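Spelled out, the chains give:
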Amino acid sequence: MSEGPPRRRVVLTLGTAGLAAGGLGLLAALARSVVPDVLYEAPRRFPIGRPEDYPPNSVTLLPERRLFVFRTAEGFHAISAICTHLGCNVNHEEGHGFVCPCHGSTYDEDGDVTNGPAAWPLPRYAMSLSRRGELVVDTRRTVDPDFRLRA
């Protein structure tokens, strides 16, 4: 009744299988680390056209960028069209500011909240003029409500 060798063989087989599984897992992790995680998203700094493309005293919605561009006598400024409550697109109502059709938040012409449930103002983004004379919006940088780009 010698049970020594078969028991040793089972433990040896299980140990070898465990080491092999661990080694394969390590190789899989190593192979995965060589493949980059790339997130293809729209650039956060982008041109929006020339100043003359925007009529004086106008508000222009750029739907693909979810952005309003204002041209006033003081200059250009850009305000996000994304409600700070839950991310719906706001509508601009001339003389009244912005209204979110999803949950009723309202904002004044500068993007400041006038009625909730939104708690934060609409972001105002930095603008500049490129060397080619194009307006450039940088959504990575926010600016004060009194910012205007003279162009």
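Residues numbered from 1 in each chain as written. Predicted model: local features only at pLDDT ≥ 70, side-chain atom pairs only at ≥ 80, totals over all residues. Heavy atoms only, no water.

### Looking at the sheet that holds strand β2 (residues 58-62)
What the 6 strands build is an open sheet, ordered β1-β10-β9-β4-β3-β2; its pairing is antiparallel. Across the chains shown, the open sheet's two edge strands, defined by having one partner strand only, are β1 (45-49) and β2. Neighbour-to-neighbour, the strand axes of this sheet turn through a mean angle of 30°, independent of strand direction. Both strand β3 (residues 67-72) and strand β4 (residues 75-80) contribute to a ladder of 6 bridges, which runs antiparallel. Within β4, the position partnered with Thr72 by the bridge is Gly75. (Pairing = 2+ DSSP bridges. Helix = DSSP H or I, 4+ residues; strand = E, 2+ residues; numbered from the N terminus. Axes fitted to C-alpha atoms, helices over the stretch in contact; angles between N-to-C directions.)

### Re the packing of aromatic side chains
Within the structure shown, the criterion is met by 3 aromatic pairs. Judged by centre distance (6.1 Å) and plane angle (80°), the ring pair of Tyr54 and Phe76 falls under edge-to-face. Within this pair, whereas Tyr54 is found in the loop between β1 and β2, its partner Phe76 is found in strand β4, the two being separated by 22 residues in sequence. Pair check on accessibility: Tyr54 and Phe76 agree, each one buried. Seen from their ring centres, Phe70 and Phe98 are 6.1 Å apart, and the 75° between their planes marks the pair as edge-to-face. (Phe/Tyr/Trp six-rings, centres within 6.5 Å; stacked < 30°, edge-to-face > 60°. Buried < 20%, exposed > 50% of the residue type's maximum accessible area, 1.4 Å probe, protein only.)

### Here we look at the sheet that holds strand β7 (residues 106-107)
Ordered by their spatial adjacency, 4 strands build an open sheet running β5-β6-β7-β8, and the pairing between neighbours is antiparallel. With partners counted over all chains shown, the strands left at the sheet margins are β5 (91-93) and β8 (113-115), one partner each. Summarising the sheet, strand β6 (residues 97-99) and β7 pair through 2 bridges and their orientation is antiparallel. By the bridge assignment for β7, Val99 is matched with Thr106.

### Overview of a nonpolar patch on the surface
Residues Leu24, Leu27 and Leu30 make up a contiguous nonpolar surface patch of about 330 Å² in total accessible area. Position of Leu30 relative to the elements: it lies in helix α1 (residues 4-34). Take Leu30: its relative accessible area is 52%, and that puts it in the exposed class. (Patch = residues over 30% accessible without salt bridge, like charges linked within 9 Å, V, L, I, M, F, W, Y side chains within 5 Å. Areas by Shrake-Rupley, 256 points an atom, 1.4 Å probe, with all protein chains shown as cover. Salt bridge = Lys/Arg side-chain N within 4 Å of Asp/Glu carboxyl O.)

### Observations concerning the layout of surface pockets
Quantified by volume, the largest pocket comes out at close to 220 Å³. What lines the largest pocket is a set of 13 residues, and nearest its centre among them are Arg44, Phe46, Arg65, Ile82 and Thr139. Residue classes in the lining of the largest pocket are distributed as 6 nonpolar, 2 polar and 5 charged. (1 Å grid on protein atoms, 1.4 Å probe; cavity = no way out; pocket = protein on both sides within 12 Å on 5 of 7 lines; lining within 4 Å. Points joined across faces, edges and corners; volume = space filled by probe spheres on them. Nonpolar A, V, L, I, M, F, W, Y, C, P; charged D, E, K, R; others polar.)

### A few points about the confidence of the model for the protein chain
Looking at the protein chain, pLDDT values average 88 and 97% of them are 70 or higher. Mean pLDDT across the elements of the protein chain bottoms out in α1 (86) and peaks in β4 (94). (pLDDT = per-residue confidence, 0-100.)

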